[in-house]
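Observations on chain architecture
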Amino acid sequence: MTELRIAIVGFGKIARDQHVGAIAAVPGATLAAVASRNASLPELPHFATIEELLEQGPPIDAVSLCTPPQVRRAQAAAALAAGKHVMLEKPPGAGVAELDPLITMASNAGRTLFATWHSRHALAVEPARQWLAERRIASVHISWKEDVRVWHPDQGWIWEPGGLGVFDPGINALSILTRILPKPVFVTAAELAFPANCQAPIAANLTLTDLGGLPVTAEFDFRQTGPQSWDIIVDTDQGRMTLSSGGARMAVDGKVLAEAPDEEYRGLYRRFVELAATGASDVDLTPLRLVADAFLLAKRTIVEPFVD
């Protein structure tokens, strides 16, 4: 098998914690370089920008963009123009419409554009989808609450326009929701809480439904301390299914039916290698559209300033 030579662009917490180890663990993938203004790996070629990487770097086949979403569109366009396959960390962009030209570029170039949703690769998500496919669903509730100071320390971009605020983790829940439910859902109402000194929300309550009137509610909060909550609870005609730990654990009426360690990013890179072998793309914008609709429909409140 020919190795897919990948460069990571943007070497922050998520790249260090997840991407490096996942690439090393996936057959057919190899980490060839890093492009980042503020961080590097001693054993790999390093460049300050993606432009320097593409012009002066070693031979690569693909880039994995782990930069803030506000700058990814231009970086992805540059990589595709240079003939590289592109992986986009979630969310795939700062807006929805900016992805359409990239999809066209990738198709015209015969290169892969992969908009990733790592939480869909949590190992209890597919068992949950299969279980729900055979039941009548009565209601869904999401509780996705975490401490932003733990998971996004000193990441000011998350509070700027396009940074999504609490939707940065909340979109993970929406990516799972749209995978496990048998019918499409849409937002009908939202309440967003903005810190007085920030341009993105710190908490959100959403109401969603499908064409059949399924009641779906979601609570997202960046102010959780102590135990963290990444849970989706689905009531059905055959019991309550709980998908917890971000999709790693599935239980029905308290009985655990599926549980596995975190291998989400390995799943992403296995998929990336598979797509790049044929130049196919995988760009599902459904979770991002739900977030955009939440901003459109939201009632907004101002809360206390956020101090990191």
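You'll find the structure just up there.
Now for a quick tour of the structure. Residue numbers here run from 1 along each chain, matching the order of that chain's written sequence. Given that this is a predicted model, residues contribute local features only at a pLDDT of at least 70 and side-chain atom pairs are listed and counted only at 80 or more, while totals for whole chains, interfaces and linings are drawn from all residues. With hydrogens and water set aside, each side-chain value is computed from the structure's full complement of heavy atoms.

Now for the packing of helix 7 (residues 167-180) against helix 9 (residues 286-297). Between helix 7 and helix 9, the shortest axis-to-axis distance is 8 Å and the interhelical angle comes to 125°. Classed by the angle they form, the pair helix 7 and helix 9 counts as oblique. Classified by chirality, the crossing of helix 9 by helix 7 is right-handed. The residues of helix 9 that touch helix 7, namely those facing Phe167, Ile171, Leu174, Ser175 and Thr178, are Thr286, Pro287, Leu288, Leu290, Val291, Ala294 and Phe295. Looking at the contact of helix 7 with helix 9 residue by residue, the class counts come to 9 nonpolar, 3 polar and no charged. With axes taken as lines fitted to C-alpha atoms, and helix axes fitted only over the stretch in contact, angles between N-to-C directions fall between 0 and 180 degrees. Each helix corresponds to a stretch of at least 4 residues labelled H or I by DSSP, and each strand to a stretch of at least 2 residues labelled E; elements are numbered beginning at the N terminus. By definition in this entry, angles of less than 35 degrees are roughly parallel, angles greater than 145 are roughly antiparallel, angles of 65 to 115 are roughly perpendicular, and the rest are oblique. Left-handed describes a crossing whose near helix is turned anticlockwise from the far helix by less than a right angle; the clockwise case is right-handed. Any two residues whose heavy atoms approach within 4.5 Å at even a single point are treated as in contact. Classification convention: Asp, Glu, Lys, Arg as charged; Ala, Val, Leu, Ile, Met, Phe, Trp, Tyr, Cys, Pro as nonpolar; all other residues, Gly among them, as polar.

Pairing between strands requires that DSSP locate at least two bridges from one strand to the other. Taken in spatial order, the 9 strands make up an open sheet running 14-13-12-11-7-10-9-8-15, and their pairing is mixed. Looking at strand neighbours, the two that pair on one side only are strand 14 (255-259) and strand 15 (298-303), the edges of this open sheet. Looking at each pair of strands side by side, their axes are set apart by 15° on average, direction ignored. Bridging between strand 7 (residues 137-145) and strand 10 (residues 216-221) involves 6 bridges; their strand directions are parallel. Note that in strand 10 the partner of His141 across the bridge is Thr217. In this fold helix 9 packs onto strand 8 (186-195), strand 9 (203-209) and strand 15, with an angle of close to 70° to the strand it touches most, strand 8.

Across the sheet, which stays open at both edges, the 6 strands sit in the order 3-2-1-4-5-6 with parallel pairing between neighbours. The open sheet terminates on both sides in strands that have one partner only, identified here as strand 3 (46-47) and strand 6 (113-115). Inspection of the sheet shows strand 4 (residues 62-65) paired to strand 5 (residues 85-88) by 4 bridges, in the parallel sense. Bridge assignment links Val63 to a residue of strand 5, and that residue is Val86.

A word on the pairing of strand 10. The side chains of a regular strand alternate, first on one face of the sheet and then on the other. In terms of strand pairing, strand 9 meets strand 10 through 6 bridges, oriented antiparallel. Bridging across to strand 10, Ala204 finds its partner in Phe220. If you look at the hairpin formed by strand 9 and strand 10, you'll find 6 residues sitting between the two strands, and Gly213 has a positive phi there, around 85°.

Remember that the coordinates give geometry; whether it matters functionally is a separate question.
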